[in-house]
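These are the residues of each chain, in order.
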Amino acid sequence: MTFVIILLLGIWILWRKSTEGLNFIDLFVGWGIKVFFGFVFIYIYTEYYGNGTLSSDINVFMWESEILKNVFHQNPSDYLKFLFGLEDQQMIEFYLSKTDHWSSGDMALINDAQNVIRINSLIYFISNGNVFIHLSLFAFAFLLGTRELYLALRDRVLISNRYLWYSLLLLPSFAFWSGSILKEPLMLVGLFLVLRGLISSLSFKARLWRIILGSLLMLMFKPYVFFILLIVLLPYFLFKFLFRFNALKSIAATLLLIMLSGLIFDGKRDAFVHFIWRKQFDFINVSRGGLHALAEADSCFYYFDVSQYKDIRFISNTHVILEKPMHAKKMKLGSLYPFENVYLKDTGKVWINYYSTNKCGSYIEPTLIGGSFTQLLKNIPEALVNAAIRPFPNDPGGSLKWFNILETFLLFSGLIFSLIYFRNRRNSLDWDMIWLMIWFSILLFLLIGWTTPVLGAIARYRIPAYLALFICSILAVKKQKA
């Protein structure tokens, strides 16, 4: 019955949505496409990765959303406090002690995982744990967001309205990851709203609510994408307004401002480098596999490599005992402070198994940043290659990596072809938008490449950058102005 109500309500909303160049059928088929990719997503994480049961982040988020939803049945007032971020540590320990994603210490300004749990806990009231209802609602929200992007682009490109619409829905990685109930769908809706607010010919009120709502969604579900977009607006406005579409001047001015900022605010620069280094360090530890153990009433946790498992007794899913003396890395829980190497004796002490896993199948060994600004700069080529181009055919990973390889080849081939073939139309192209998308992609590739040593995760995180490059390709296919 819930499915029927959602379907009828969705049909009613789409029927009332007047969309230039499209009709109701296009919108309804678009919703079906998004739901289909959601089913594919569930199938892969059930049959391919989960051995018949739902696995990975999607399973964890569903489970933790149910835990949060159950708070309502115990104390509705406390549930509302969790929804609006008014909870305290005592409440977290009482209600959500079994969750892994709720607390992140001071590692992030905004815990976007909490917002995924909040949204799904609300849906839980009508889904009763049926993941396909969650997918259908996320798919509908994403469809409305894609409509905003379509309307922002339709008057700027030569390709037909329907080709533009369906190409936006069917980009492979973009379509796959936006079919989840994780952070990507709602973050992308926010990005589409902001882009339409920035580049479409709308009234001030129509621009304002889109930019505000879109910014909030990006901050809630992928704040680093929002901050990268803010940064690239600088060269965008320099290019469009101050230097009157002179690309070299705007690029030079932007780089000069970045270098001057790095020199003037050297303390902030060092804090940024340390933040990136710690993100890389943590991601490497998780990706290599290993055990993060915590002593009772201790504010630090200890990392043990997978190779040390043979000397660690896992007495349950939650506790371990060291059977031999061994080295470990000691870190303050949820902190940015550096780790220290320690030597632990086999005293028979029982440790809490805070987190343990095996090595990721698509792990690649990155060059360590080590808190050095110079090394961060040296890592730029490696970061760009890893985030933008890999996986290569000889890289680790399962059979699904070949879809990523094909997608990367087609994307960059199309981009290069479009920009070269239509170079004689350079005076008629939307170079302001093209440069905005290129800067956005480069900075996102850098951040991902600096911190992420897993090719599967890279393919997921770079979706906004790949979408931006696809937009560049279709913007290059533009009619010559009369």
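Now for a look at the structure at hand. (Residues numbered from 1 in each chain as written. Predicted model: local features only at pLDDT ≥ 70, side-chain atom pairs only at ≥ 80, totals over all residues. Heavy atoms only, no water.)

Check the secondary structure of the protein chain and you find 20 helices and seven strands. Taking all 482 residues of the protein chain together, the buried fraction comes to 50%. For the protein chain, the share of sequence-separated contacts (at least 6 apart) that also reach a separation of at least 24 residues comes to 68%. Per element, the accessible surface of the protein chain, about 23,800 Å² overall, is 64% carbon and sulfur. (Helix = DSSP H or I, 4+ residues; strand = E, 2+ residues; numbered from the N terminus. Buried < 20%, exposed > 50% of the residue type's maximum accessible area, 1.4 Å probe, protein only. Contact = heavy atoms within 4.5 Å. Areas by Shrake-Rupley, 256 points an atom, 1.4 Å probe, with all protein chains shown as cover.)

For helix α20 (residues 463–476), which comprises 14 residues, the first-to-last C-alpha distance of 20 Å matches the rise-based estimate of 20 Å (1.5 Å per residue) to within 8%. The buried fraction of α20 amounts to 14 of the 14 residues, a majority that puts the element mostly inside the structure. (Expected span 1.5 Å × (residues − 1).)

Glancing now at the pairing of strand β7 (residues 350–357). Judged from the five bridges that link them, strand β1 (residues 290–294) and β7 form a sheet pairing that is antiparallel. Paired with His292 across the two strands is Tyr355, which belongs to β7. Taken together, the three bridges between strand β4 (residues 319–322) and β7 define a ladder with antiparallel strand orientation. Each residue of the ladder has a partner; that of Val320, found in β7, is Trp351. (Pairing = 2+ DSSP bridges.)

Right, let's get into the nonpolar core. Counting residues in each nonpolar core, the largest one holds 119 residues, and the members touching the most others are Phe82 and Phe440. In terms of residue count, the dominant contributor to this core is helix α7 (residues 131–153) (13 residues). The contact partners of Phe440, leaving out residues within four places of it in the chain, are Leu191, Val225, Ile228, Leu229, Val232, Pro464, Ala465 and Ala468. With 14 residues, the next largest nonpolar core counts Ile312, Leu322, Leu344 and Trp351 among its residues. (Core = buried A, V, L, I, M, F, W, Y, C linked by side-chain atoms within 4.5 Å.)

Right, let's talk about the environment of Ser201 for a bit. If you trace the backbone, Ser201 turns up in the loop between α10 (184–199) and α11 (204–221). For the pair Ser201 and Ala152, spaced 49 residues apart in the sequence, the C-alpha separation amounts to 8.6 Å.

To continue, consider a nonpolar patch on the surface. Together, Met1, Val4, Ile5 and Leu8 line one region of the surface with nonpolar side chains, adding up to about 450 Å² of accessible area. Tracing the sequence through the fold places Met1 in the segment before α1 (2–16). (Patch = residues over 30% accessible without salt bridge, like charges linked within 9 Å, V, L, I, M, F, W, Y side chains within 5 Å. Salt bridge = Lys/Arg side-chain N within 4 Å of Asp/Glu carboxyl O.)

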